[in-house]
Amino acid sequence: MNDQQQILALTEAVNGLLQQSDLPATLTIEQCASLLTMSMTSFRRKLSLEGSSFKLIQQKYLNELCVQALLTQNAKIESLAIQLGYSERATFERAFRQKFGITPSQFRELSLIGDNKNNPQNLAGIAQNMPPLSDCCQQLLKERDNHNLDIDKVVAIVAEDPIFSGRVIGLASKAIYGKTPQSLYEAISRNLGINTVINLAIMYTVKDALQAHVTPDIIEPYTEAFLIAPKLFQLLRKSVAAEIKFDIALTEQVLVFALLGILLLSHKEVGNHKFVMHSLQGMDDLHSLNQHINTSMNISIYSASSLMLSLWHIDASLIKQLTHLDKVSQQRSKGTKEDEMILFMLSCLYHMAAGHQDYSALAQKAELLNIVDFDDIKRTLMG
């Protein structure tokens, strides 16, 4: 048994009991603890050490059971409804439509549109046809790679692009980034910082390139979430104090860019883009969303992000980190405490962008990760 399996042994045992149950929605924490011959106190404590709880495991299992059955099985919707705890099919279909915007049968049909095997190639073709990075962005990256960037140089480069200059000033003027700057120099040196400005240049290039191909109700909120990422990271670092040592520059890049793939997957030329859009509406758990997009489209969100970034020759270290996080999220590689925190922050950003209103699962996960002041994080995400 490897380290990851040992760490998640009890979580896996609970999942095993849920799988064995004909009615997993009705399995209680008391029944689970009894079946595992553990006291309630010990059961809760050991799950907490694994960064989880019975409620989180059960809810995640039921969410994944629902979508997985629709994507990969010919399960009868009546039987699925009963497994999920609904008294009848009609009640389940109403709840599903309210959450996903379509019926379970329509969701199943959308997931089958397009040739799954060709989706990565389709995405690669779309990414390759995207415009190059803006001149401002290319110059910033070139000077950074040559170790020739200081604040004066950055201000001079950004000042040559009036549209991007306005965006930098506008973001720096938001209350969450501190006192309103009086100049571009102040906006960069005091409010944002050089690395953030470079990340913003790349992010806005992606937004501009996809603006005509991704619906506003996707591209606008996700862009807003990416812009919030540095502030979220700052709040989390305060919450965990010196407990975790982050690679600050790399982590900020991951937070801004890891979910860019959602925009590529939502591109109107992608055969399954409507399936993606309904999935974004209905799935409030980023891990489950990533897993099911991978099942349906043969590519993960993180891989789609890496695809775009690699075509623009963005930092190899960033691509490597996204690949690592993808493996950790799918439990194919052991994660560190830092990885857990990054995946938590990405879940927060996804929750914000997708417009999900129930933050209880994230609050519980924050408590398990010993993140204090989650209310401050929640207020920032909710604007």
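What you see is a predicted model, and the numbers here were worked out from it, not measured in a lab.

Colleague: How would you explain helix H24 (residues 374-382) if you had to name every residue and give the values?
Modeller: Regarding H24, the residues found buried are Phe 374, Ile 377, Thr 380 and Leu 381. All buried residues of H24 project into a common sector of 120° when viewed along the axis, lining one side. Across H24 from its buried face, at more than 90 degrees, point the exposed residues Asp 375 and Arg 379. On its buried face, H24 is in contact with helix H15 (216-240), helix H22 (337-354) and helix H23 (360-368). Two residues or fewer after H24 comes Gly 383, characterised by a positive phi angle close to 75°.

Colleague: So, the packing of aromatic side chains: which residues are in play, and what are the values?
Modeller: Evaluated as defined, the whole model comprises 10 aromatic pairs. Centre to centre, the rings of Phe 96 and Phe 100 are 4.2 Å apart; their planes meet at 10°, and the pair counts as stacked. Here Phe 100 and Phe 96 lie together in helix H7 (residues 89-100), a separation of four residues that amounts to about one turn. Taken together through their ring pairs, the aromatic side chains of Tyr 86, Phe 92, Phe 96, Phe 100, Phe 107 and Phe 275 make up a single cluster. The aromatic ring of Phe 233 is capped on one face by Arg 237, whose charged end is 4.5 Å from the ring centroid.

Colleague: Talk me through the confidence of the model for the chain; I want residue IDs and the actual numbers.
Modeller: In this model, the chain carries a mean pLDDT of 88, and residues with pLDDT of at least 70 account for 95%. When mean pLDDT is taken per element in the chain, helix H11 (residues 151-159) scores highest with 95 and helix H1 (residues 3-7) scores lowest with 42. Predicted confidence is poor over residues 1-7, with pLDDT under 50, and the contacts of this stretch with residues over four places away or in other chains come to eight contacts.

Colleague: I'd like to hear about the pattern of salt bridges, residue by residue, with values.
Modeller: When charged atoms on two side chains of opposite charge get close, those side chains can pair. A complete count under the given rule lists nine salt bridges for this structure. Where Glu 93 meets Arg 89, a salt bridge forms, and the shortest distance between an N and an O atom there is 2.9 Å. Here Glu 93 and its partner Arg 89 are both found in helix H7, four residues apart, which amounts to about one turn of the helix. Classification of Glu 93 as buried rests on a relative accessible area of 17%. Ionic contacts of the salt-bridge type, sharing partners, join the residues Glu 78, Arg 89 and Glu 93 into one network.

Procedures and definitions
Residues numbered from 1 in each chain as written. Predicted model: local features only at pLDDT ≥ 70, side-chain atom pairs only at ≥ 80, totals over all residues. Heavy atoms only, no water. Buried < 20%, exposed > 50% of the residue type's maximum accessible area, 1.4 Å probe, protein only. Helix = DSSP H or I, 4+ residues; strand = E, 2+ residues; numbered from the N terminus. Arc of directions from axis to C-beta. Contact = heavy atoms within 4.5 Å. Phe/Tyr/Trp six-rings, centres within 6.5 Å; stacked < 30°, edge-to-face > 60°. Lys NZ or Arg CZ within 6 Å of the ring centre and 35° of its normal. pLDDT = per-residue confidence, 0-100. Salt bridge = Lys/Arg side-chain N within 4 Å of Asp/Glu carboxyl O.

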